[in-house]
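The primary structure of each chain is shown beneath.
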Amino acid sequence: MRTPGEVRRLSILEILLNSKEAVSGSELSKRLGVSRQVIVNDIALLRASHPDLIATNSGYLMIKAASTCRIFKVKHTDEQTEDELNIMVELGGTVLDVYVEHKVYGTISAPLNIKCRRDIENFMEDLKSGVSTPLKNITKGYHYHTVEARSEEILDEIQNKLQERGYLIESVDFKSVYQAKNYSQM
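Residues numbered from 1 in each chain as written. Predicted model: local features only at pLDDT ≥ 70, side-chain atom pairs only at ≥ 80, totals over all residues. Heavy atoms only, no water.

J.: Sorry if this is basic, but what is going on with the overall build of the protein here?
T.: Scanning the protein from terminus to terminus reveals 7 helices and 7 strands. Secondary structure elements of the protein, listed N to C terminal, follow the sequence α-α-α-β-β-β-α-β-β-α-β-α-β-α. In terms of overall size, the protein behaves like a compact globule, its C-alpha atoms giving a radius of gyration of 17 Å where 186 residues would be expected to give roughly 16 Å. Dimensions of the protein along its principal axes, counting C-alpha atoms only, are 45 × 35 × 30 Å. The 186 residues of the protein split such that 44% are buried. Put simply, of all contacts in the protein between residues at least 6 apart along the chain, 74% involve residues at least 24 apart. Total accessible area computed for the protein in this model is approximately 10,200 Å², and 51% of it derives from carbon and sulfur atoms. The averaged location of the 26 negative side-chain charges in the protein is 4 Å from the averaged location of its 24 positive side-chain charges. (Helix = DSSP H or I, 4+ residues; strand = E, 2+ residues; numbered from the N terminus. Rg over C-alpha atoms; globule rule 2.2 N^0.38 Å. Buried < 20%, exposed > 50% of the residue type's maximum accessible area, 1.4 Å probe, protein only. Contact = heavy atoms within 4.5 Å. Areas by Shrake-Rupley, 256 points an atom, 1.4 Å probe, with all protein chains shown as cover. Lys, Arg positive; Asp, Glu negative; His and termini not counted. Charge placed at Lys NZ, Arg CZ, Asp CG, Glu CD.)

J.: Can you help me understand the packing of helix H1 (residues 4-18) against helix H3 (residues 36-49) in this one?
T.: Two packed helices can be described by the angle between their axes and the distance between those axes. Between H1 and H3, whose axes approach to 10 Å, the crossing angle comes to 80 degrees. When the axis of H1 is compared with that of H3, the two are roughly perpendicular. Contact residues: H1 offers Arg8, Arg9, Ile12, Leu13 and Leu16, while H3 offers Val38, Ile39, Asp42, Ile43, Leu45 and Leu46. Counted by class, the contact of H1 with H3 contains 8 nonpolar, no polar and 3 charged residues. (Axes fitted to C-alpha atoms, helices over the stretch in contact; angles between N-to-C directions. Parallel < 35°, antiparallel > 145°, perpendicular 65-115°, else oblique. Nonpolar A, V, L, I, M, F, W, Y, C, P; charged D, E, K, R; others polar.)

J.: Just checking my understanding: could you explain the nonpolar core for this structure?
T.: Proteins that are soluble and globular tend to have nonpolar side chains buried together. By size, the foremost hydrophobic cluster in this structure holds 21 residues, and its most contacted members are Phe72, Val95, Ile114, Ile158 and Leu162. Every element with two or more residues in this core is listed here: strand S3 (68-75), helix H4 (81-90), strand S4 (94-102), strand S5 (106-114), helix H5 (117-128), strand S6 (142-149) and helix H6 (152-165). Residue contacts for Phe72: discarding those within four places in its chain leaves His143, Tyr144, His145, Val147, Leu155, Ile158, Gln159, Leu162, Leu168, Glu170 and Ser171. (Core = buried A, V, L, I, M, F, W, Y, C linked by side-chain atoms within 4.5 Å.)

Laid out in structure tokens, this is it:
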């Protein structure tokens, strides 16, 4: 299960991604029911992994004009991890995170922010170092990725290719999952 802070930061990203203009810290504070200082701290955390999030004199703004997200539930072997990530990136997606739904511990997630082949190579090198194993291994290979792209068509292509390779279990609209998690945290 995501922490209230993680859910709030996802809310901030969703608001900014869907806004055509800058959103002030005061407006975010009102909409999310927290102080402006909490928003400032959240923005600082978000900017570390989202360089497209900028502060202007009229508020916060995502540089990307149009993007959309989808969550893919997938299953594959360790050897297929690189292929799975390459599918998403080569077709124009950014793999924002990986998470599992553990029956005892709830949701366990890790940010990835994989945008290109070099990111994949670095990630695979980290896994091959043997220090840790993929998060998916604690749930018999089942895991989720939140993938961002410029259009629904790109996400459809990614979904079709994952299905074709036999990795896809299910895809879920990001907004419906986000809203369900957000409302359950209130």
